[in-house]
Each structure stands twice: as C-alpha cells, then as structure tokens.
Amino acid sequence: VLHDPTWAKNFHHFKVARTVLRRRLAKALEEEDLESASAMQLAWESAWGCLKEATPTQELRLAAGRHLIPGACVRHRRHDLRAVVLGCEPWVRATHARRMTEEERELAACPGPNAYRLQPMYCCLLDDRDIS
C-alpha cells in the first residue's frame, strides 16, 4: 500500500464521496424524502464511493472503514472512549508513527514489524466526559 501510487487518491476520493453521501442522506431525511433516503441508505451500507480503477484489495480495505468519515461519532473498541472523526489519512505517516506508543505499534504490527504504517490514520476529537 505504501508503494501503490493509486492508494492515496482512491482513499481520499472514497472518503469525500462517503461524506457527500452522508450529507445528502441527512438532507433527504430532513426534507422527509423517504424514497431518496432509502436509496441512499442502501448505498451507505454498501461500499459505494470506490473509483472504478480501485483494485479488489483496495475495495476491501476501503469497505472496512466505510463508516469512518469526518463528522462520524465513534467509540474506541479497546479504550471505550467516544469521539468524533475530524479527518483521515491513507496511512500512518512517520510524524504520527513517532507519537504512537510501543504497545500501539506492537498491536498493529501483527503481519510484520512496520505493518502499523499500512493502517489508515484517523484524527479524532475525544469526548471530554470520557477522560478522567
């Protein structure tokens, strides 16, 4: 993924397309256009938004994070913290990797020593009610 020149383009296009779809879905619901909202909900639940030139591997990787777009409310699996996604990058850049704890690197490095660099990076704003 790090050496695939199309990954970053496909990742960003997918996230922008999903963000636009989510906004249009919210607007259709607000306007009580249930027919349009129903069709958009089906697209939202699928991996809609992939470019045609995306490889099957890229499509699978994008589909895994299809609900993680800017503005989405999330809950961390291990730490049980609530947050809002502010932005995302197609992979962990060196500046972010230096901020990761050794435990985070080890947990994400199952397939290899630098596998954590292949994971998308999501910047989130934590809910301060969960921080003690």
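The rules behind each value
Residues numbered from 1 in each chain as written. Predicted model: local features only at pLDDT ≥ 70, side-chain atom pairs only at ≥ 80, totals over all residues. Heavy atoms only, no water. Salt bridge = Lys/Arg side-chain N within 4 Å of Asp/Glu carboxyl O. Buried < 20%, exposed > 50% of the residue type's maximum accessible area, 1.4 Å probe, protein only. Helix = DSSP H or I, 4+ residues; strand = E, 2+ residues; numbered from the N terminus.

Asker: So what about the pattern of salt bridges? Which residues, and what values?
Answerer: All chains considered together, the criterion is met by six salt bridges. Among the salt bridges present, the one from Lys 27 reaches Glu 31, with a minimum N-O distance of 4.0 Å. When its relative accessible area of 51% is taken as the criterion, Glu 31 is described as exposed. The residue Arg 82 makes a salt bridge to Asp 127 at a minimum N-O spacing of 3.8 Å. Note that Arg 82 is positioned in strand 2 (residues 82–89) and Asp 127 in the segment after strand 3 (121–126), a separation of 45 residues in sequence. In this structure, a network of salt bridges that share partners links the residues Arg 82, Asp 127, Arg 129 and Asp 130.

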